[in-house]
Amino acid sequence: MGLYHESKVMWSILLVLLQYVVSEEVMQLRMPGVTIPHNDTYYHMQTELSDTIYITGYRAAAESGTVHHMLLYGCRSVKSRGTKVWIGGASCEEEPKILWSWALDAPEFDMPANVSMEVGNTDIKYLVMELHYKVVQPETHKDTSGVDILFSKEQTKYQAGIYLFMAEDGTFPPKKKDIHLDLACNYTSPAMNVFAYRTHAHNYATLISGYRERNYTWSLIGARDPRKTEMFVRLEVVLDVKPADTLYARCEYDTTETEKTIVIGNTHHDEMCNLYLMYYIDSDKINSVKGLCTNQQEFIVPNEEDGEWYDDYISNKLLVFVLVCVCVLFIGLPVLYCCKSCLCPRKSYYKRPNDGFEKLFTPEEDDEEDEILYKSYKHSY
């Protein structure tokens, strides 16, 4: 009986795994043997989607020696060009939505359980693949780089998206070691859960880091040297981001090995400052997220000690509390006493038997003779 039960459980597990494997399909996107006529050639290729699918993973089919980076955009519409492949130009007719990025031979990437990227609906009718080729290739070279997209037709509970930090301009002088460029944006969209991040820059960047600030408490999202394999790095703990939080990114550079000024730009001789945050959110809220931050603003991260970052800053909070108490004790109380004396003066009633009525006196109105008169009348009764 026990053996039968164990066999039944094993078959059930295998059946579930088989259903998962069978339900997952692959879409191959490949450049159709293009030539690379010059350095920093940007190719785009569009694919129209006829059905709604749910992307669960990506497998790059490219080499970093040929392809500098690869991006996959989701578009509502694309400009009619009479061809599905073109050099340069915009990826989408409207604002593109970044779905995935790759560089430096990054490994495959899979979504967490119950998470996918929905495409093929009214918001994303086209996939546009962008490939940046770093250097010119011989005319005999016909490139077929691309990506394998793993997808399912089963809807998931959560939808994934990309929140992108991107610097649009910047200048870095030569022979400098400690240079940084900062971006900062207030988050105003529905709450999201960040589960992975990816950095991207060129030759001079040494570190790219991201932070979340909430109620004066800072949390490190992630930090990575962009010269390493540019993979999406999974967070050990999913980090939630809520409205009213502030998100920050910092790119650090070292130009000690160059004699020329470096600028932010699109060629491999220029620099970039990109930080990608991959998040998931309830499926019905995915289109409400504003996923781009380009606001360049200097910031200071509190409590940096020996390169370690701390989430809780108790000492700062205690200092503020002590200062508030001192202000209340030495400034607030005297001011309060003076206000009370002015607004609520002490009052006294003096009986005047000869006058046959009660008269109201205040300290400002009473004089010394009146006090003596009152006391003499009081003793006579």
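This one's a predicted model, so the numbers in the text were calculated from it and none came from an experiment.

(A) Looking closely at the overall build of the protein. In terms of regular secondary structure, the protein is built from three helices and 25 strands. Here the protein, with 381 residues, has 43% of them falling under the buried criterion. The long-range share in the protein, meaning contacts at least 24 apart out of those at least 6 apart in sequence, stands at 82%. Of the roughly 22100 Å² of accessible surface on the protein, a fraction of 54% belongs to carbon and sulfur atoms.

(B) View of the sheet that holds strand 15 (residues 205–214). Spatial ordering of the open sheet is given by 13-18-15-16, a layout of four strands whose pairing is antiparallel. Of all the strands in the sheet, just strand 13 (179–186) and strand 16 (217–224) have a single pairing partner and so form its edges. When the angles between neighbouring strand axes are averaged without regard to direction, this sheet yields 20 degrees. Strand direction decides the pairing type here: strand 15 and strand 16, joined by seven bridges, are antiparallel. Of the residues in strand 16, the one forming a bridge with S209 is A223.

(C) Region of interest: the sheet that holds strand 4 (residues 67–75). Strands sit in the order 5-2-9-4-6 across an open sheet of five strands; the sheet is antiparallel. Looking at strand neighbours, the two that pair on one side only are strand 5 (85–87) and strand 6 (97–103), the edges of this open sheet. Strand-to-strand twist in this sheet, taken as the mean axis angle between neighbours without regard to direction, amounts to 20 degrees. The pairing of strand 4 with strand 6 spans six bridges and is antiparallel. The residue of strand 6 that forms the bridge with H69 is A103.

(D) Region of the structure containing the packing of aromatic side chains. By the definition in use, this model includes 13 aromatic pairs. On the basis of an interplanar angle of 20 degrees and a centroid distance of 4.4 Å, the ring pair of W218 and Y248 is categorised as stacked. Residue W218 is located in strand 16, and its partner Y248 is located in strand 18 (residues 246–253); the two are separated by 30 residues in the primary sequence. Across this residue pair, the class does not change: W218 and Y248 are buried. Through a chain of ring-to-ring contacts, three or more aromatic side chains come together here, namely Y211, W218, Y248 and F299. One residue, R81, lies across the ring of W86, its end atom 4.0 Å from the ring centre.

(E) A look at the pattern of salt bridges. This structure, assessed with the given rule, holds 13 salt bridges. The salt bridge partner of R30 is D148, with a shortest N-O separation of 2.8 Å. Linking R30 in strand 1 (residues 24–30) with D148 in strand 10 (residues 146–152), this pair joins segments that are 118 residues apart in sequence. Between D240 and R214 there is a salt bridge, with the nearest N and O atoms lying 3.2 Å from each other.

(F) Spotlight on the pairing of strand 4. In terms of residue burial, strand 4 counts as a mostly covered element, since nine of its nine residues are buried. Across eight bridges, the pairing between strand 4 and strand 9 (residues 126–133) is antiparallel. Looking across to strand 9, one finds that G74 is bridged to L127.

(G) Broad picture of the state of the cysteines. The full count for this structure, using the stated rule, is three disulfides. Note on cysteine connectivity: C75 is disulfide-linked to C92, with sulfurs 1.7 Å apart. Between C75 and C92 the sulfur-sulfur dihedral comes to about -55 degrees; the bridge is accordingly left-handed. Here C92 lies in the loop between strand 5 and strand 6 and C75 lies in strand 4, a separation of 17 residues in the sequence. For C75, a relative accessible area of 0% translates into the label buried. On the basis of relative accessible area, C92 is assigned to the buried category, the value being 8%. Here C185 is linked by a disulfide to C293, with a sulfur-sulfur distance of 2.1 Å. Negative torsions about the S-S bond denote left-handed disulfides, and the value of about 90 degrees found for C185 with C293 makes this one right-handed. Of the two residues, C185 sits in strand 13 while C293 sits in strand 21 (residues 292–293), which places them 108 residues apart along the sequence.

(H) Highlighting the nonpolar core. Membership of the largest hydrophobic core comes to 51 residues, with the highest contact counts inside it found for Y58 and L127. Judged by nonpolar contacts, the second largest core, of 35 residues, contains A167, F172, L181 and M192.

(I) Just the environment of R30, in detail. Residue R30 is classed as partly exposed on the basis of its relative accessible area, which comes to 27%. Remark: the alpha-carbon pair of R30 and A62, spanning 32 residues in sequence, is separated by 9.7 Å. Apart from the residues lying within four places of it in its own chain, the contact partners of R30 are M45, A61, M129, T144, S145, G146, V147 and D148. In this structure the side chain of R30 is engaged in a polar contact, spanning 2.8 Å, whose partner is the side chain of D148.

(J) Highlighting the side chain of R198. Residue placement: R198 occurs in strand 14 (residues 192–200). Within polar-contact distance, the side chain of R198 engages the side chain of E230 at 2.9 Å. Setting aside residues no more than four positions away along its own chain, R198 makes contact with S101, W102, A103, E230, M231, F232, N274, L275 and Y276.

Conventions adopted
- Residues numbered from 1 in each chain as written.
- Predicted model: local features only at pLDDT ≥ 70, side-chain atom pairs only at ≥ 80, totals over all residues.
- Heavy atoms only, no water.
- Helix = DSSP H or I, 4+ residues; strand = E, 2+ residues; numbered from the N terminus.
- Buried < 20%, exposed > 50% of the residue type's maximum accessible area, 1.4 Å probe, protein only.
- Contact = heavy atoms within 4.5 Å.
- Areas by Shrake-Rupley, 256 points an atom, 1.4 Å probe, with all protein chains shown as cover.
- Pairing = 2+ DSSP bridges.
- Axes fitted to C-alpha atoms, helices over the stretch in contact; angles between N-to-C directions.
- Phe/Tyr/Trp six-rings, centres within 6.5 Å; stacked < 30°, edge-to-face > 60°.
- Lys NZ or Arg CZ within 6 Å of the ring centre and 35° of its normal.
- Salt bridge = Lys/Arg side-chain N within 4 Å of Asp/Glu carboxyl O.
- Disulfide = S-S within 2.5 Å.
- Core = buried A, V, L, I, M, F, W, Y, C linked by side-chain atoms within 4.5 Å.
- Polar contact = N/O pair within 3.5 Å; in protein donor to acceptor, adjacent residues only side chain to side chain.

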